[in-house]
Structures are given as structure tokens and as C-alpha cells.
Amino acid sequence: MSYPDRAAPRRPATVLAAAAMLSVMAVGAVAYAVVNLAVGGGTVDRFRDAAAERTGATGGDIDQVAGLLRGSTVLAAVLGVLAALLLVGLALGLLAGRSGARTATWVVAGTGLLCGCCGLAVLVGQRAAPLRLGADDRITADLLGLVGDAYPSWWIPVNATLSVAQILGYLVVAVLLTLPSSGAFLRRRSAPLRLSGYGSTVSGATAAGPTPWGPPPGLNPPPSVPPVPPPGGFPPPPEDRR
């Protein structure tokens, strides 16, 4: 008994490179989440010590800013893990040849480019123009100014580098998926299946079972099927005139 078979389409190098880039970015997102949580505790402690020594803020004001700092750290870690899961799902969809995965990747790449540019702009803005509030909010301004100093010295450069890498990574993925080889792979149609031994071609919908119109061409009906008599019955056999 023969079964229908179809050769799996070969993935072009552009699709493989895009999926690999998304996977690397997913690993980077998880690593960033882990490191962010690891340095978060020490950052909050350093902020509390500096706020108590260098400002006249009350304990309630310090606790409020410290809570915001801790909450932003946890939120950034959760978003990093969710982003990694999304990138892995997009990479698997591209490798499977799903056309919808390319559209979803373009949407995510555009969002990632925007977020990366915004993050880089915020980092540059914090260094170029520190936050300035009114005289009534002087204590709050002093506390927020201590947040950046509470992070390790390497934290700001690493974040800037990751923002640039994120922008370049999404840009490369978007360009790879616009190339003709990627489009041909992700927009391919279901190829017809050939039944070995019969020499006939059928679609994937009828390859799993018998066709509704009977056996394939070239095959005679089984010999056990009796002939259908014409109306009125069979004619009498010829007489033996010997």
C-alpha cells in the first residue's frame, strides 16, 4: 500500500537568519530581566542610604520613591520575559512557513523600533537635561535625581547599548522578511500530492481517503462484482442443436 508524500519546502537563508535573530533577541530579553532583578535589590538599598544622608526627605517620601523603583524593576523584568516568549513564537512561525507570522513580525519590529528609540532618547535626556521641578517639589526632585546614581556605574551604558542593539535587530529582521526569497517561502501554496503507484495527482484534501468517483484511472473494478442485468432479465441461453 502506498501513501501520499510531499517533499518539505527548503527554508531560505533569509528566513533562517530572521528566526535566528529573533531567538538571539529573546535570549537577550531574558538575560536583561534576570540581571535587572539581580541589581534591583542593591539599587534600592543604595538609594535609601543616599536619600537619608543627602536629602531632608521624610521616611514616607523615601519609601514612596523606593516602591516606585522596585515596582518598575519588577515590571521591566516581566515585560522582558513576555517579549522573549513572543519573539520565540514568531521565530517558530517563520520556520513553519506561516504567512501570518511575517505580518506579526513586522508589527512587533515596528513597535520594538519605536520602544528602542524612546528608551535611547530617555537615557540621553536624563544625562543631558536632569529633571527639574518647582520649589515646592524640591525634595521629590532630589530623590529622583538620586535614582540614577543608585544604579551600578555600568548600568546606563549597558542599557544604551541594548537599546541600539534592539533597534538594529528589529531593523535587520524586517529587511530580511521583505526579500523575495522570504516572500516566496511564506506565501507558498499547498503543492499537489502524487499517489505513488497510480501515476495520478490529487489534492491534499482527497489524498487521505478514496476519491468519491471510484478507483483511480487504469484500475478495473474487482472481479467479484456481478454484472447488472438489463431490464427484463438476461436473455435465454442458445439452444443446443447437436
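No experiment lies behind these values; they were computed from the predicted model shown.

The rules behind these values
- Residues numbered from 1 in each chain as written.
- Predicted model: local features only at pLDDT ≥ 70, side-chain atom pairs only at ≥ 80, totals over all residues.
- Heavy atoms only, no water.
- UniProt positions renumbered as here; feature names shortened; annotations may be inferred.
- Helix = DSSP H or I, 4+ residues; strand = E, 2+ residues; numbered from the N terminus.
- Contact = heavy atoms within 4.5 Å.
- Core = buried A, V, L, I, M, F, W, Y, C linked by side-chain atoms within 4.5 Å.
- Buried < 20%, exposed > 50% of the residue type's maximum accessible area, 1.4 Å probe, protein only.

A. The arrangement of the UniProt feature "transmembrane region" (unreviewed entry) in the protein in detail. Taken from the UniProt record, the annotation "transmembrane region" (unreviewed entry) applies to residues 12–35, 74–96, 103–124 and 154–179. Strand forms 0% of residues 74–96 and helix 96%; the C-alpha atoms that close the span are 34 Å apart. Here residues 154–179 is 92% helix and 0% strand, with 38 Å between the C-alpha atoms at its ends.

B. Broad picture of the environment of A18. Structurally, A18 can be placed in helix α1 (residues 13–54). Each C-alpha atom, one on A18 and one on L177, is 7.2 Å from the other, the two residues being 159 residues apart in sequence. Setting aside residues no more than four positions away along its own chain, A18 makes contact with L94, V173, L176 and L177.

C. Region of the structure containing the nonpolar core. By size, the foremost hydrophobic cluster in this structure holds 22 residues, and its most contacted members are A18, L22, L87, L94, Y170 and L177. When residues of this core are traced back to their parent elements, those giving at least two are α1, α2 (59–95), α3 (99–128), α5 (155–178) and α6 (180–186). For this core, the element with the most residues is α1, which contributes seven residues. Counting residues in each nonpolar core, the second largest holds 17 residues, with A57, I62, L143 and L146 among its members.

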